[in-house]
Structure formats: C-alpha cells, structure tokens
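So you can see what is in the structure, the chains are spelled out below.
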Amino acid sequence: MIRRWLGKVLGKPSSSSEPRIFPVTQHGIRRDSIHPCALKVTRTLKEGGYAAFVVGGAVRDLLLGREPKDFDIATDASPEDVRRLFRRSRLIGRRFQIVHVYCGPDTIEVTTFRAHTPQNDEESSRVTAEDGMLLRDNVFGSQHEDAARRDFTVNALYYDPEKEEVWDYHDGVADARKKVLRMIGDPTTRYREDPVRMLRVTRFAAKLDFHIAPDTRAPISSLAPMLERIPAARLFDEMMKLLLSGHAERGLHQLRAEGLHHGILPMLDAVLDDPGRKHFLHASLHDTDERIRHGQSASPAFMLACLLWFDLQTQWQKYRDSGLSEQQAMYEAMDDTLERQREMLAFPRRLDGTIKEIWSLQPRFEQRGGSRPYRLLDHPRFRAGYDFLTLRTRGEDAPAELSDWWDRFQDASEDERTAMLLPATVSATKRRRKRPRRKPGEASTPSENA
Ligand code: ATP
Ligand code: MG
C-alpha cells in the first residue's frame, strides 16, 4: 500500500509487481466512454468486495482515442463467485475459464486474474510442451501476475471506472504514447508459449499503426514455422480478425514482411509481387477495409474468393490444357484450389459454396445474349458476383466495358435491356478482339475464355 502510494507520488513503480497509477488528468479516459454494462459489472463486483477493472484492448483503444471493440473485465473473484453475483451469466470453458455476463443484448467477458505460468521451474514441465508451448494456462493469480501473462505492454493496462485510474505494470502507457508494441517478458519465450502472439503483434501493428519494438520483432522470422502447430480453428479465427479488422491491406503486407504468410496464405508472394495481380488484391482489400470502417459487414467467403482468385485461374488453365471442358475444368480447379489452401489455413467447409458461386459466376457475366443475363440477375449470389467483377475491373483483370454493361443492365427498363442484349454468339467473338494482349505464360482469366 505504501509502495503504491509512493508510486503514485513519484509517478514511478518500484518494480513490475507494483503498478504505476495514472489519474484521469494524465490518461484522459472518461468514465462515460465505458460501456454501461461494463460499468454495471465492475460496480457489482466491487460491491461484492472484489477488485474489478476494465482491461486489455478496451483500455488500450480508449487511451488512443479509439472506439473499443469490446469490454473485458478482470477481477480477483473466482469464476464461481462471479457466477453467483450475476443471475444472467454463464461459465464458459474455452481455453480458459471465463464468465459471460449478459446485459440486454450485450455480453461482457469477466476473467479472474491468472498467473503467468513460469517456464523454468518444475511446475512448468507439467504445463508446457517440449518446445515451450503453453498447454494449460488456468492458474489463478494476483493482479500483477495477471499483467505479466498478457502479451504486449499496451494490452496490460487496467482501468478502474470508480476511481478513474489506469494501473500500468509494464509501462504500457508510455509505449502507447510512443506507438510501440513491446512484448512483456522475453519475446522468444513468449512466442514459443503461444505462437499466435506472432499473428497478434502483426494485427495490432496494422490496426493501431504502431511499430513493433526491435527485440519483439527479431525472433519472429525464425519462429514463424511454429504456427503450423496451432489448431486450425484458432488460426482461422485469428486470420479472420486480421482480414476483417478494417486494416486488412496493411495487415497482409505486415504478415508477409514478417515472413508469417508461408504456411498460411502462401499466395501472397505470387500476388503481391506481380504488378498485374497486385491491383486486384489492393482493390479488394481496400474495399473490404472501407466497408468495415463504415460499419458495414464483409464476408469471409468473399475475402477468400479474392485471395485465391489467381490460384484458381492457374488451376483452371491447367485443367483446360488437359482437355477438360470449360465448365468441368472450372469445377476441378475450384475443388483443387480450396483443398490446397485448406491444407494450410483450414477454413470451414460451409464457406465453400459461396466462394465457388462467386468464382463460377464470373464467366457467366460474359454471356450477354438471350435469356442468360436475366437468369444471372435472379441468381441469389448475383450481388457478390457482380461486386467481384467490379473489383476485377478495378484490378484490370476484366474489361471495364463488361462491368459498365452490367451496371447499366441492372437499372435499365425492359426496353433498354432488350436493346442492350448482345447476339449470343457474337458476344464472345467481339470480346476476343478487345482482349488485351497477355504476356506469354500468364494465366488467362475465366472471363476471357468463357
Ligand atoms: P481486440 O481489439 O482485437 O479485441 P484485444 O487486445 O482486446 O484486441 P483480445 O483477443 O480481445 O485482444 O484479448 C483481450 C486481452 O487478453 C488482450 O488485450 C491481452 O491482454 C490478453 N490476451 C489475449 N490473447 C492473448 C495471448 N495469446 N497471449 C497473452 N495475452 C493475451
Ligand atoms: Mg478484445
């Protein structure tokens, strides 16, 4: 208590077991920027005699003047204690035991302070694998231990809404001001414990526009292969967080810069190094980022369809060359592309249908005669297919004339539509004449061969 008081007076903790405590005049986080449910939960916990803080990403984001995605609470109450205090709550046992407290339509995650499991004592052999990966991490601890087991200094800040104080055990406030991501503890050890932290640091760097401290960045390239050991579902979740963060473009460049893409999204090399292909990926990522920043949704299937588009085309060409019909080659190529990708970043099979529809609609946009355009308009995935086509146009992967035609056709009157229809057989020939010259050996697009 005295040390804490001294820390307060001197503005300096004596060690990382004592926090530096910032008053509102220094951190600037206003109580009314905390979600009312989070306020209610901290108040109830405190009335029950427990410590309760808003923690993690919410404090970091508020400190940076950003809107938090969610509000997590950390407490010294056990999960059972928390359950008892909140009628509408549920214990969920994912990797760690946490309690979900429901409040209207919202859910607040309440976590009991956990200890960081040490690496070099006897205890560790029971909870870590030979390569240092944490297998279990559910040992309750004190608040300073809870701070030490978190990943980056800016993610280990605690906000007390009642006193309006920020408790900082690892100089996270200073790092936030310097816009730096710094691992708590020894970076190599911490990445070995949980290799997903390598993806997290990449994601946060992109999202917050922070740089990664040199010693936090250094071990990543050599430890990157450890990601292979991460369960498929967790890897997919983490990648989706990156792709749907509103900063996918920066995130993917960062991922590649750190060499983390190899076993996950290897197509990035081929796409980002090819000026022709780069435009398409740029257009699609930029579009997704814009949508998300404007509060619209973006679909994982659409993102994957974009990322894998050039892989699909290479496969499609291969099957056509082997003598299969256009359509048969497309089906084979779609299965091949998805399976090959799934060997690395496994994504749920429920996405396959949408991805395949988006792809297989592309050659159908070429067919602008007879009743075909009408049938395409009625297709349940027309919108996604058309959005994909416009991205291809912006990426110079499809002629602008084609997406212009569809743009007009959608809004045209019946008479105008009839006048717009191309004679079924002419459309392909006409287009062939307009086709841009391709470099030898470059994969052709489905549209050009439909
Ligand atoms: P976001 O804005 O993406 O939600 P976040 O920092 O809140 O960012 P979460 O995944 O919601 O990230 O995790 C909440 C907090 O839990 C983090 O801020 C961090 O303190 C801790 N944490 C999460 N994952 C890890 C991990 N793999 N290793 C160590 N600490 C972690
Ligand atoms: Mg969070």
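Each remark here, short or long, concerns the structure printed above.
Keep in mind the model is a prediction, meaning the values are calculated, not measured. (Residues numbered from 1 in each chain as written. Chains lettered and ligands numbered in written order. Predicted model: local features only at pLDDT ≥ 70, side-chain atom pairs only at ≥ 80, totals over all residues. Heavy atoms only, no water.)

Undergrad: Whenever I open this one, the pattern of salt bridges confuses me. Can you help?
TA: When the charged atoms of two side chains lie near each other, side chains of opposite charge can form a pair. Under the counting rule described, the total for this entry stands at 34 salt bridges. Arg149 is the partner of Asp146 in a salt bridge, and the nearest nitrogen-oxygen pair spans 3.3 Å. Summarising the burial analysis for this pair, Asp146 and Arg149 share the class buried. A salt bridge links Asp175 to Lys178, with the nearest nitrogen and oxygen atoms 3.9 Å apart. With a gap of 3 residues between them, Asp175 and Lys178 both fall in helix α8 (residues 172–178), about one helical turn apart. Linked by salt bridges that have partners in common, Glu339, Arg342, Arg349 and Asp352 make up one network. (Salt bridge = Lys/Arg side-chain N within 4 Å of Asp/Glu carboxyl O. Buried < 20%, exposed > 50% of the residue type's maximum accessible area, 1.4 Å probe, protein only. Helix = DSSP H or I, 4+ residues; strand = E, 2+ residues; numbered from the N terminus.)

Undergrad: Where do I start with the side chain of Glu238 in this structure?
TA: Residue position: Glu238 is located in helix α13 (residues 232–243). On the basis of relative accessibility, which here comes to 7%, the residue Glu238 falls in the buried class. Apart from residues lying up to four places away in sequence, Glu238 is in contact with Val196, Leu199, Arg200 and Arg203. (Contact = heavy atoms within 4.5 Å.)

Undergrad: Just checking my understanding: could you explain helix α14 (residues 248–257) for this structure?
TA: An α-helical segment advances 3.6 residues per turn. Residues three or four places apart therefore align on the same side. Within the span of α14, buried status applies to Ala248, Glu249, Gly251, Leu252 and Leu255. Down the axis, α14 shows its buried residues gathered within 165 degrees of arc, on one side only. Just downstream of α14, Gly259 is the residue with a positive phi angle, here 75 degrees. (Arc of directions from axis to C-beta.)

Undergrad: Can you help me understand α13 in this one?
TA: The end-to-end C-alpha distance of α13, which contains 12 residues, comes to 16 Å, matching closely the 16 Å that a straight helix rising 1.5 Å per residue would cover. Among the residues of α13, Leu235, Phe236, Glu238, Met239, Met240, Leu242 and Leu243 are the ones counted as buried. The inward-facing, buried residues of α13 contact α10 (196–208), α14, α16 (275–293) and α17 (300–307). (Expected span 1.5 Å × (residues − 1).)

Undergrad: Is there a simple way to explain the environment of Gly276 in this structure?
TA: The topology assignment puts Gly276 in helix α16. Overall, the relative accessible area of 40% leaves Gly276 in the partly exposed class. Sequence separation between Gly276 and Gly395 is 119 residues, and the spatial gap between their C-alpha atoms is 7.4 Å.

Undergrad: Honestly, the site of ligand 1 in this entry has me stumped. Any pointers?
TA: What surrounds ligand 1 is a group of 18 residues, the closest being Arg60, Asp194, Arg197, Arg203 and Lys207. Here Arg200 contributes a side-chain N or O atom positioned 2.9 Å from an oxygen atom of ligand 1. The fraction of the free accessible surface of ligand 1 (580 Å²) that becomes covered by protein chains is 86%. The leading source of residues in the shell around ligand 1 is α10, at 5 residues. Broken down by class, the residue content of the shell around ligand 1 amounts to 1 nonpolar, 3 polar and 14 charged. Each of domain 1 (1–178) and domain 2 (185–283) gives at least three residues to the shell around ligand 1. (Near = heavy atom within 4 Å. Polar contact = N/O pair within 3.5 Å; in protein donor to acceptor, adjacent residues only side chain to side chain. Areas by Shrake-Rupley, 256 points an atom, 1.4 Å probe, with all protein chains shown as cover. Nonpolar A, V, L, I, M, F, W, Y, C, P; charged D, E, K, R; others polar. Domains from an automatic or database assignment.)

Undergrad: For this particular structure, what's the right way to read the packing of aromatic side chains?
TA: In this description, an aromatic ring pair is defined by two values, namely the gap between the centres and the angle between the planes. Across all of its chains, the model carries 17 aromatic pairs by this definition. Consider the rings of Phe280 and Phe388, whose centres lie 5.5 Å apart with planes at 65 degrees: the pair is edge-to-face. With Phe280 in helix α16 and Phe388 in helix α22 (residues 382–394), the pair connects residues that are 108 residues apart, well separated along the chain. Here Phe280 matches Phe388 in class, with each residue buried. Ring geometry for Trp405 and Phe409: centres 4.7 Å apart, planes at 10 degrees, overall stacked. Here the residue Trp405 and the residue Phe409 both occupy positions in helix α23 (residues 400–411), the gap between them amounting to 4 residues, near one helical turn. Taking the relative accessible area as the measure of exposure, Trp405 reaches 4% and is therefore buried. (Phe/Tyr/Trp six-rings, centres within 6.5 Å; stacked < 30°, edge-to-face > 60°.)

Note that all results are geometric; they support no functional claim without further evidence.
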